[in-house]
Amino acid sequence: MVYELKAEYEFRAVIAWHVVPVGGSRSLCGSPLAPASTIRPISDLHHVHGVCRPCEALHSGARRRARQDALTGG
Ligand SMILES: [Zn+2]
C-alpha cells in the first residue's frame, strides 16, 4: 500500500501531519481527515515538523512487516 501525509487543522493552522493510504480519508492512527486537507509526499515524513507519532510508528511497523514478507516470500 502506498501512503501520503495529510494535514490535520485546528483554526486553519496545521497541528499534525498524519500518514494516510493514498486516496484515503482515515489515517493509520484512526483520525478522520478532510478530503481537501493539504497532502505531502510520504518522503517528507522525516522532514516535516508535527508528524503524528502513532502514525509514524504504525507506518514504520508496516514497512518492517512488508520487508519481512518479502524476505520470507509471504
Ligand atoms: Zn495520526
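This text goes with the structure placed above it.
Residues numbered from 1 in each chain as written. Predicted model: local features only at pLDDT ≥ 70, side-chain atom pairs only at ≥ 80, totals over all residues.

**Digging into helix α1 (residues 53–72)**
- The terminal C-alpha atoms of α1, which comprises 20 residues, lie 29 Å apart, in line with the 28 Å expected from a rise of 1.5 Å per residue.
- The buried count for α1 comes to two of 20 residues, which makes it a mostly uncovered element.
- Within two residues after α1, Gly73 carries a phi angle of roughly 75°, on the positive side. (Helix = DSSP H or I, 4+ residues; strand = E, 2+ residues; numbered from the N terminus. Expected span 1.5 Å × (residues − 1). Buried ≥ 20, exposed ≤ 12 C-beta atoms within 10 Å, placed from the backbone.)

**Some details on the nonpolar core**
- Grouped together as the largest cluster of nonpolar side chains are nine residues: Tyr3, Leu5, Ala16, Trp17, Val19, Val20, Leu28, Cys52 and Cys55.
- Elements with a contribution of two residues or more to this core: β1 (3–10) and β2 (13–21).
- Per-element tally for this core: the top contributor is β2, with four residues.
- Not counting the four nearest positions on each side in its chain, Cys55 is found in contact with His18, Val19, Ser27, Leu28 and Cys29. (Core = buried A, V, L, I, M, F, W, Y, C linked by C-beta atoms within 7 Å. Contact = placed C-beta atoms within 7 Å.)

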